[in-house]
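Now for the letters of each chain:
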Amino acid sequence: MSVEMSEGNIADREIGVPRDDMVTITRKIEFSASHLYHNPAFSAEENRRVFGKCNNPHGHGHNYTLEVTIAGTPDAKTGMVLDLVELKELMEREVMQRMDHRFLNYEVAELKGMIPTCENIATVIWKLLEPKVRQGKLQRVRLYEAPDLFADCVGDIPQRKN
Amino acid sequence: MKVTLTRRYSFSASHRLHSDAMSEAENQSLYGKCNNPFGHGHNYVVEVTLAGAVDPATGMIANLVDLDAYVQKHVLADFDHRYINEEIPAFKKIVPTTENLCIEIYNRLKGFAGAKLDRVRIEETSRNSFEYSGNA
């Protein structure tokens, strides 16, 4: 018995039980950057007291690890929540090119006027990525400043389709 | 979108899993080698997660120096290099599983004034972990 298939139903028949399960994918990158904590509204003494050694005027650096998680339903044709190549290029363009080997206080426009803490950098990264995720939904941005310290930005969990 | 800050700490301690509510044989059967009467030890990792608004003046949910001091005083000073069953009063009657350790440590840290405690996650070994977010 031969079965006729149009392009549209290959996915449904061969891959495709309806894909209404939510799945997350996570991609990790590392970048290196320097920063310092200093609030011009504080006195020198207050800056030293609040920020400690992070207030060193010359700055200091970290190897940051960034994990970006996208949630969604795998596409019936491709089996993907979002093409990892697309996610890789997005993170390269929005994060690596902006922040890798930069002095965050002076060279990243989005951080101007903010103290570049882990919380604030993660929030800036969330705002850069969130509107540009074409498929699925940005679920979490986790930024490690060091292996023992990280900040998370977490979105609402997308609802299942049915 | 919610922002949280997580700091990882570690301590080394010994424990023994044994419940007075069960017979020797039942304890042995349930807890296996963790029931060894002399106890045994782990390098525990405690992840403490804080939630709250980021203060625009400091860029911080909470000052880590304050959190480090609080965790040192209320958790690490008591637990590090101790036998949990014998030296932590809360575990005189409660089995020191890592589930119960999460609850005890959460309760010790929830009074931190710098920000709201979101959750405590403990790795007993690199292959198992436990998490508690309070009963609210």
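Refer to the structure presented above.
A few points on the structure. (Residues numbered from 1 in each chain as written. Chains lettered and ligands numbered in written order. Predicted model: local features only at pLDDT ≥ 70, side-chain atom pairs only at ≥ 80, totals over all residues. Heavy atoms only, no water.)

Here we come to the overall build of chain B. Looking only at helices and strands, chain B features four helices and five strands. The linear arrangement of helices and strands in chain B, starting from the amino end, is β-α-β-α-β-α-α-β-β. Viewed in the frame of its principal axes, chain B has a C-alpha envelope of about 60 × 30 × 25 Å. Residues counted as buried form 48% of the 136 residues belonging to chain B. For chain B, the computed accessible surface area is about 7,200 Å², with 51% contributed by carbon and sulfur atoms. (Helix = DSSP H or I, 4+ residues; strand = E, 2+ residues; numbered from the N terminus. Buried < 20%, exposed > 50% of the residue type's maximum accessible area, 1.4 Å probe, protein only. Areas by Shrake-Rupley, 256 points an atom, 1.4 Å probe, with all protein chains shown as cover.)

On to the packing of helix 2 (residues 64-79) of chain B against helix 4 (residues 98-109) of chain B. All names here are of chain B. For the pair helix 2 and helix 4, the least separation of the axes is 9 Å and the interaxial angle reads 145 degrees. Here the hand of the crossing between helix 2 and helix 4 comes out right-handed. Counting all contacts with helix 2, which are made through Tyr 70, Val 71, His 74, Val 75, Asp 78 and Phe 79, the residues of helix 4 involved are Leu 101, Glu 104, Ile 105, Arg 108 and Leu 109. Here the contact of helix 2 with helix 4 is built from residues that sort into seven nonpolar, one polar and three charged. (Axes fitted to C-alpha atoms, helices over the stretch in contact; angles between N-to-C directions. Left-handed = near helix turned anticlockwise from the far one by under 90°. Contact = heavy atoms within 4.5 Å. Nonpolar A, V, L, I, M, F, W, Y, C, P; charged D, E, K, R; others polar.)

Bringing helix 4 of chain B into the picture now. With 12 residues, helix 4 of chain B should reach 16 Å at 1.5 Å per residue; the first-to-last C-alpha distance of 16 Å fits that figure. In the core, the buried residues of helix 4 of chain B are packed alongside strand 1 (2-15), strand 2 (40-51), helix 2, helix 3 (84-87), strand 4 (116-125) and strand 5 (128-132) of chain B. (Expected span 1.5 Å × (residues − 1).)

A word on the environment of Lys 2 of chain B. For Lys 2 of chain B, the location among the structural elements is in strand 1. Ignoring sequence-local partners within four residues, the contact set of Lys 2 of chain B consists of Asp 152, Cys 153 and Val 154 of chain A together with Ala 51 and Asp 118 of chain B. A distance of 2.9 Å separates the side chain of Lys 2 of chain B from the side chain of Asp 118 of chain B, its partner in a polar contact. (Polar contact = N/O pair within 3.5 Å; in protein donor to acceptor, adjacent residues only side chain to side chain.)

This part covers the interface of chain B and chain A. Across the contact, 20 residues belong to chain B and 21 residues belong to chain A. Inspection of the chain B/chain A interface yields two salt bridges. With a shortest N-O distance of 3.7 Å, Arg 119 of chain B and Asp 152 of chain A are connected by a salt bridge. Where chain B touches chain A, the interface holds eight residue pairs in polar contact (both at pLDDT 80 or more). Per-element tally for the side of chain B that touches chain A: the top contributor is strand 1 of chain B, with seven residues. (Salt bridge = Lys/Arg side-chain N within 4 Å of Asp/Glu carboxyl O.)

What follows is about the nonpolar core. Ranked by internal contacts, the top residues of the largest apolar core, which has 64 residues, are Leu 66 of chain A together with Ile 105 of chain B. If you tally residues by element for this core, the top one is helix 5 (residues 118-129) of chain A, at eight residues. Sequence-distant contacts of Leu 66 of chain A, defined by excluding residues within four places in its chain, comprise Arg 27, Lys 28, Ile 29, Phe 31, Met 91, Val 95, Ile 125, Val 141, Arg 142 and Leu 143 of chain A. Counting residues in each nonpolar core, the second largest holds six residues, with Phe 42, Val 50 and Phe 51 of chain A together with Met 60 of chain B among its members. (Core = buried A, V, L, I, M, F, W, Y, C linked by side-chain atoms within 4.5 Å.)

Describing an aromatic ring pair means giving the distance of the ring centres and the angle of the ring planes. The full count for this structure, using the stated rule, is nine aromatic pairs over all chains. With centroids separated by 6.1 Å and ring planes inclined at 25 degrees, the aromatic side chains of Phe 42 of chain A and Phe 51 of chain A adopt a geometry described as stacked. By the burial criterion, Phe 42 of chain A is buried, and Phe 51 of chain A matches it. Aromatic side chains Tyr 106 of chain B and Tyr 132 of chain B sit 5.1 Å apart centroid to centroid with 80 degrees between the ring planes, which places their arrangement in the edge-to-face category. Here Tyr 106 of chain B is found in helix 4, whereas its partner Tyr 132 of chain B is found in strand 5, with 26 residues between them in sequence. In terms of burial, Tyr 106 of chain B and Tyr 132 of chain B fall into one category: buried. Through a chain of ring-to-ring contacts, three or more aromatic side chains come together here, namely Tyr 37, Phe 42 and Phe 51 of chain A. (Phe/Tyr/Trp six-rings, centres within 6.5 Å; stacked < 30°, edge-to-face > 60°.)

The subject of this paragraph is the pairing of strand 2 (residues 60-72) of chain A. Residues and elements named next belong to chain A. For strand 2, a buried count of 10 out of 13 residues is recorded, marking the element as mostly surrounded by other parts of the structure. In this sheet, strand 2 lies alongside strand 1 (residues 23-35) in antiparallel orientation, the contact comprising 13 bridges. Looking at the pairing, Lys 28 lines up with Glu 67 of strand 2. In this structure, strand 2 lies alongside strand 4 (residues 137-146), joined through seven bridges in antiparallel fashion. Counted as the bridge partner of Ile 70 is Leu 138 from strand 4. (Pairing = 2+ DSSP bridges.)

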